[in-house]
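# Structural overview
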Amino acid sequence: MNLKYADRLQNLSGNAIREIFKLLASPEIISLAGGNPAPETFPCAEVARITTKLMEEQGSSVLQYGATEGWMPLRQEIVRWLPGVGIHTDVDHVLTTTGSQQGLDLVCKAMVNPGDIVLVENPTFLGALHTMKTYQAQFRPVETDEDGLIPQALEQALKDGKPKFLYIIPTFQNPSGRTLTLERRKAIARIAAEHELLVVEDDPYRDLRYAGEALPSIASFDEAGYVLYLASFSKLISPGLRVGAAIGAPELMQKMTIGKQGADVHTSNLSQAIVAEFLKEGLLVPHIAELCNDYRVKMEAMLSAISENFPAQVKVTHPEGGLFVWATLPPYIDTTALLKKATEHNVAFVPGAGFHCDGTGTNTFRLNFSMPSVANIKKAIAILGEVISDVL
Ligand SMILES: Cc1ncc(COP(=O)(O)O)c(C=O)c1O
């Protein structure tokens, strides 16, 4: 074929995780690579019952086209749910999205012209980097430490020309598992207001907390309307439903709504209505408690297996929630080559380079603990410990 593809795809290869999935075809492989919720936690019976009820009572509206802004009962339930993250708002500030990935896409569509600068944590979620690249954004990494993004580094980064927004995952960050401290959350909201900087706060893991105290969102400290909060029900109910929400200033919501009209018109009414009913019936809180009980055991199993099996030169994060542990090896180790060796021993992880916007991080990798069983976590970490020891 002789097709001239758009410039926006020129520097994009396939998503690194999707490439790794090809390596995982063998059933013997224990994958610590994905970021999927454990399928045994899916509330299949409740979703089946709710779907039947919806068809019986509201089938003619659920199966019809709907509003781009979202299914009104869901937007209302989200407004009721948001005070839990410190956000007190109304439906005009809420746009339902097809997963929070679409929230990312729509904010880029609304804000980013080719060559515009976006501030990012380094490492950050590779799906977000992928979306921003399709809008031809340029990345400016902002320094982070164990407590997340450093506000002074953000102020410094703002001196080199104004970026379109800061993209940040403040809680149990993907991939690092790190959580931004309370003081830094306040500082970032203050800097955003002072510099009229849009902050895109992507917070899909917030409720998956297995230790420590919950923290208010950055958005909860935002009085000037400069924080766009992205929520997702993927990790809390089911990713297959594809339901998330963007919460922000009505002006920005309107721009994103225009963008969504040209994308999918609206998120599936059926999916939105299922999530709305799940929330309305009060099922989410007990379901999250069950998820946390399951994932807490898995996270602890992974962290103690790591301390027993990994050589001391490997530094790992100790998250209090989320789905990931992040490892940093000595700089001379290339984790893409290490992955090849690990898969020969039937263990997979995600090399860290793809989470970095600047070609660094080749000595890092991400481990997921939600999908594998506790027994497989222990087995895989023991194997990985040996594979790493061999290359050090
Ligand atoms: C930080 C972050 N943001 C957004 C997403 C996208 O999630 P979804 O589109 O399923 O809501 C993910 C998925 O893994 C993620 O880790």
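Conventions and cut-offs
Residues numbered from 1 in each chain as written. Predicted model: local features only at pLDDT ≥ 70, side-chain atom pairs only at ≥ 80, totals over all residues. Heavy atoms only, no water. Helix = DSSP H or I, 4+ residues; strand = E, 2+ residues; numbered from the N terminus. Rg over C-alpha atoms; globule rule 2.2 N^0.38 Å. Buried < 20%, exposed > 50% of the residue type's maximum accessible area, 1.4 Å probe, protein only. Contact = heavy atoms within 4.5 Å. Areas by Shrake-Rupley, 256 points an atom, 1.4 Å probe, with all protein chains shown as cover. Lys, Arg positive; Asp, Glu negative; His and termini not counted. Charge placed at Lys NZ, Arg CZ, Asp CG, Glu CD. UniProt positions renumbered as here; feature names shortened; annotations may be inferred. Pairing = 2+ DSSP bridges. Patch = residues over 30% accessible without salt bridge, like charges linked within 9 Å, V, L, I, M, F, W, Y side chains within 5 Å. Salt bridge = Lys/Arg side-chain N within 4 Å of Asp/Glu carboxyl O. Near = heavy atom within 4 Å. Polar contact = N/O pair within 3.5 Å; in protein donor to acceptor, adjacent residues only side chain to side chain. Nonpolar A, V, L, I, M, F, W, Y, C, P; charged D, E, K, R; others polar. Core = buried A, V, L, I, M, F, W, Y, C linked by side-chain atoms within 4.5 Å. Domains from an automatic or database assignment. Buried area = accessible area lost by both parts, 1.4 Å probe. Axes fitted to C-alpha atoms, helices over the stretch in contact; angles between N-to-C directions.

Another point: the overall build of the protein. Looking only at helices and strands, one finds 12 helices and 15 strands in the protein. Relative to the compact-globule value of 21 Å for 392 residues, the protein shows a C-alpha radius of gyration of 21 Å, a close match. Each of the three principal axes of the protein carries a C-alpha extent, and together these read 60 × 55 × 55 Å. Every one of the 392 residues in the protein was classed for burial, and the buried ones make up 53%. Considering only contacts within the protein whose residues lie at least 6 apart along the sequence, 75% involve residues at least 24 apart. When the accessible surface of the protein is summed, it comes to about 17100 Å², and 52% of that surface belongs to carbon and sulfur atoms. Computed over 34 positive and 44 negative side-chain charges, the separation of the two mean positions in the protein equals 3 Å.

Feature annotation in UniProt places "domain: Aminotransferase class I/classII large" (unreviewed entry) on residues 28–382, given in this structure's numbering. Between the end C-alpha atoms of residues 28–382 there is a gap of 15 Å, over a span that is 40% helix and 15% strand.

For the rest of this paragraph, the subject is the sheet that holds strand 15 (residues 364–368). Taken together, four strands build an open sheet; the order of strands is 11-12-15-14 and the sheet is antiparallel. Either end of the sheet is taken by a strand with one partner, and the two such strands are strand 11 (315–316) and strand 14 (350–351).

A cluster of nonpolar side chains, M1, L3 and Y5, forms an exposed patch at the surface whose accessible area comes to about 450 Å². Summarising the element assignment, Y5 is placed in the segment before helix 1 (16–23). Classification of Y5 as exposed rests on a relative accessible area of 54%.

Taken together, 14 residues sit near the ligand, with S100, D202, Y205, S232 and S234 positioned nearest. In this structure, an oxygen atom belonging to the ligand sits 2.7 Å away from a main-chain N or O atom of S100. S234 has a polar side-chain atom sitting 2.6 Å from an oxygen atom of the ligand. Protein chains shield 90% of the accessible area of the ligand, which is 390 Å² for the free molecule. At three residues, helix 4 (residues 99–111) tops the list of elements feeding residues into the shell around the ligand. Of the residues contributing to the shell around the ligand, the split by class is five nonpolar, six polar and three charged.

Within the largest apolar cluster, 97 residues are counted, with the highest numbers of intra-cluster contacts made by L154, F310, F365, L367 and L384. Ranked by the residues each element gives to this core, the list is headed by helix 10 (residues 284–309), at 10 residues. The two domains that each donate at least three residues to this core are domain 1 (13–43 + 286–391) and domain 2 (44–282). If we ignore the near neighbours within four places in the chain, the residues touching L384 are L32, F310, A342, V347, F349, F365 and L367. Among the nonpolar cores identified, the runner-up in size contains 24 residues, and V118, M132, A137 and V200 belong to it.

Interfaces are often described in size by the accessible area the parts lose on coming together. What the domain assignment reports for the protein is domain 1 (13–43 + 286–391) and domain 2 (44–282). Of note, the centres of domain 1 and domain 2, computed from C-alpha atoms alone, are 25 Å apart. The largest per-residue losses of area from domain 1 upon contact with domain 2 belong to P43, E320 and C357, which jointly make up 24% of the total buried on that side. In this assembly, domain 1 and domain 2 are joined by one salt bridge. With a shortest N-O distance of 2.9 Å, E320 and R209 are connected by a salt bridge. Linking domain 1 with domain 2 are 16 residue pairs in polar contact (both at pLDDT 80 or more). For the side of domain 1 that touches domain 2, the secondary-structure elements that each account for two or more residues are helix 1, helix 10 and strand 12 (324–328).

Time to look at the sheet that holds strand 3 (residues 117–121). Read from one edge to the other, the open sheet built from seven strands follows the order 2-10-9-8-7-3-4, with strand pairing classed as mixed. Each end of this open sheet is capped by a strand with a single partner; those strands are strand 2 (94–97) and strand 4 (138–142). Each adjacent strand pair in this sheet contributes to an overall mean axis angle of 20°, direction not counted. Two elements, strand 3 and strand 4, share five bridges in a ladder whose sense is parallel. Within the sheet, the bridge partner assigned to V120 lies in strand 4 and is P141. Contacting strand 2, strand 9 (227–232) and strand 10 (244–247), helix 3 (residues 72–81) runs over the sheet at an angle of about 115° to strand 2.

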